[in-house]
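Analysis of the macromolecular model
One letter stands for each residue in the lines below.
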Amino acid sequence: MMKVGIGTTNKAKVSAVISVVTKHFHDILTFEHLSVSSDVSPQPMSTEETRRGAINRAKKMLAESNADLAFGLEGGVTIIEDIMYLCNWGALALPNGKVLTAAGAQIPLPQEIASKLTGTQELGPIMDEYTKQLDTRQTAGAIGVFTDGLIDRKEMFEHILQELVGQYFFYQKNSK
């Protein structure tokens, strides 16, 4: 039996972890998801801060759940040449102390959205206002809105999770 910890209660993120892990692991799996702190700003404003949030969530989830695998996922923004981009990171913490990391899709945010992100307001509520919907961060997310529905938030995180699981399998095979 393998216990999998997920350091969030966000539906899109939890669903992504369950989807990828059940596809690639053939053990009997149990999942536990908890809201754990990222210890970064509510709206990470750089690649480094977003990555650090994912790592912190994975490590805290490992400590809280005593899982065999603990995942942390974090969405943020980063600025490249005066253009604000979405950025997304994932981390996988293992009981042996190893932490694997991976990043995902990055697309530019429209200026009308980017100008509202000053570090004091989170992207989720801004997207809710923009789309006139509730909890877009739990479903399509900004990536879904600005790719016209071709990629939603769950799919974006599934890609990151496949990178993490692939690294895990690589290191398992090559550490013997």
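Refer to the preceding data block for the structure.
Residues numbered from 1 in each chain as written. Predicted model: local features only at pLDDT ≥ 70, side-chain atom pairs only at ≥ 80, totals over all residues. Heavy atoms only, no water.

1. Quick look at the pattern of salt bridges
- According to the stated counting rule, one finds six salt bridges in the structure shown.
- Glutamate 32 is paired through a salt bridge with lysine 3; the nearest N and O atoms lie 3.0 Å apart. In this pair, glutamate 32 sits in strand β2 (residues 29–33) while lysine 3 sits in strand β1 (residues 2–6), placing the two residues 29 residues apart along the sequence.
- A salt bridge links lysine 116 to glutamate 129; the nearest nitrogen and oxygen atoms lie 3.6 Å apart. Pair noted here: lysine 116 is in the loop between α3 (111–114) and α4 (123–131) and glutamate 129 is in helix α4, with a separation of 13 residues, a long-range link.
- Assessed through its relative accessible area of 38%, lysine 116 is described here as partly exposed. (Salt bridge = Lys/Arg side-chain N within 4 Å of Asp/Glu carboxyl O. Helix = DSSP H or I, 4+ residues; strand = E, 2+ residues; numbered from the N terminus. Buried < 20%, exposed > 50% of the residue type's maximum accessible area, 1.4 Å probe, protein only.)

2. Thoughts on the environment of threonine 147
- Within the secondary structure, threonine 147 sits in the loop between α5 (141–146) and α6 (153–174).
- Note on threonine 147: relative accessible area 17%, which makes it buried.
- Each C-alpha atom, one on threonine 147 and one on isoleucine 107, is 8.8 Å from the other, the two residues being 40 residues apart in sequence.
- Within the structure, the side chain of threonine 147 is placed 2.6 Å from the backbone oxygen of isoleucine 143, a separation counted as a polar contact. (Polar contact = N/O pair within 3.5 Å; in protein donor to acceptor, adjacent residues only side chain to side chain.)

3. Digging into the side chain of aspartate 128
- Relative to the helices and strands, aspartate 128 resides in helix α4.
- Arginine 137 provides the closest opposite charge to the buried, unpaired aspartate 128, separated from it by 5.9 Å.
- Once residues within four sequence positions are removed from consideration, aspartate 128 is found in contact with Gln133, Leu134, Asp135 and Thr136. (Lys, Arg positive; Asp, Glu negative; His and termini not counted. Contact = heavy atoms within 4.5 Å.)

4. Let's talk about the sheet that holds strand β3 (residues 69–80)
- A sheet is described by the order of its strands in space; here five strands give the open sequence β2-β1-β3-β4-β5, paired in mixed fashion. Edge positions in the sheet fall to β2 and β5 (99–103), since each of these pairs with one other strand and no more. Within the sheet, the average angular offset between the axes of one strand and its neighbour, ignoring direction, is 25°.
- Where β1 meets β3, three bridges bridge the pair, whose relative direction is parallel. By the bridge assignment for β3, isoleucine 6 is matched with phenylalanine 71.
- Packed onto the sheet, helix α2 (residues 47–65) meets β1, β2, β3, β4 (83–93) and β5 and runs at close to 165° relative to β3. (Pairing = 2+ DSSP bridges. Axes fitted to C-alpha atoms, helices over the stretch in contact; angles between N-to-C directions.)

5. Brief notes about the environment of alanine 103
- Assignment of secondary structure puts alanine 103 in strand β5.
- Using a relative accessible area of 25% as the deciding quantity, one classes alanine 103 as partly exposed.
- Sequence spacing of alanine 103 and glycine 90 is 13 residues, and the spatial spacing of their C-alpha atoms is 6.3 Å.
- Those residues in contact with alanine 103 that sit more than four places away from it in its chain are Asn88, Trp89, Ile160 and Glu163.

6. Let's talk about the nonpolar core
- If you look at the biggest cluster of nonpolar residues, it comprises 37 residues, and the most contacted ones within it are Phe71 and Leu109.
- Ranked by the residues each element gives to this core, the list is headed by α6, at seven residues.
- If near-sequence neighbours (up to four positions away) are discounted, leucine 109 is found in contact with Val77, Met84, Tyr85, Leu86, Ala114, Leu117, Leu123, Ala142 and Phe146.
- Membership of the second largest hydrophobic core comes to 10 residues, among which are Val36, Met61, Trp89 and Ala93. (Core = buried A, V, L, I, M, F, W, Y, C linked by side-chain atoms within 4.5 Å.)

7. Here's the deal with the packing of aromatic side chains
- Applying the stated criterion to the full structure yields five aromatic pairs.
- Centroid distance tyrosine 130 to phenylalanine 146: 5.6 Å. Interplanar angle 50°. Geometry classified as tilted. Within this pair, whereas tyrosine 130 is found in helix α4, its partner phenylalanine 146 is found in helix α5, the two being separated by 16 residues in sequence.
- Owing to a relative accessible area of 36%, tyrosine 130 belongs among the partly exposed residues under this scheme.
- You can call phenylalanine 146 partly exposed: its relative accessible area is 22%.
- For the pair tyrosine 168 and phenylalanine 169, a centre-to-centre distance of 5.8 Å together with 55° between the ring planes defines the contact as tilted.
- Among the residues examined, tyrosine 168 registers a relative accessible area of 12% and is labelled buried.
- What makes phenylalanine 169 partly exposed here is its relative accessible area of 30%.
- Through successive ring pairs, a cluster of aromatic residues spans Phe25, Tyr168 and Phe169.
- For the cation-ring pair, arginine 51 lies above tryptophan 89, with the distance from its terminal atom to the ring centre recorded as 5.9 Å.
- Its guanidinium or amino end placed over the ring of tyrosine 171, lysine 98 lies 4.6 Å from that ring's centre, counting from NZ or CZ. (Phe/Tyr/Trp six-rings, centres within 6.5 Å; stacked < 30°, edge-to-face > 60°. Lys NZ or Arg CZ within 6 Å of the ring centre and 35° of its normal.)

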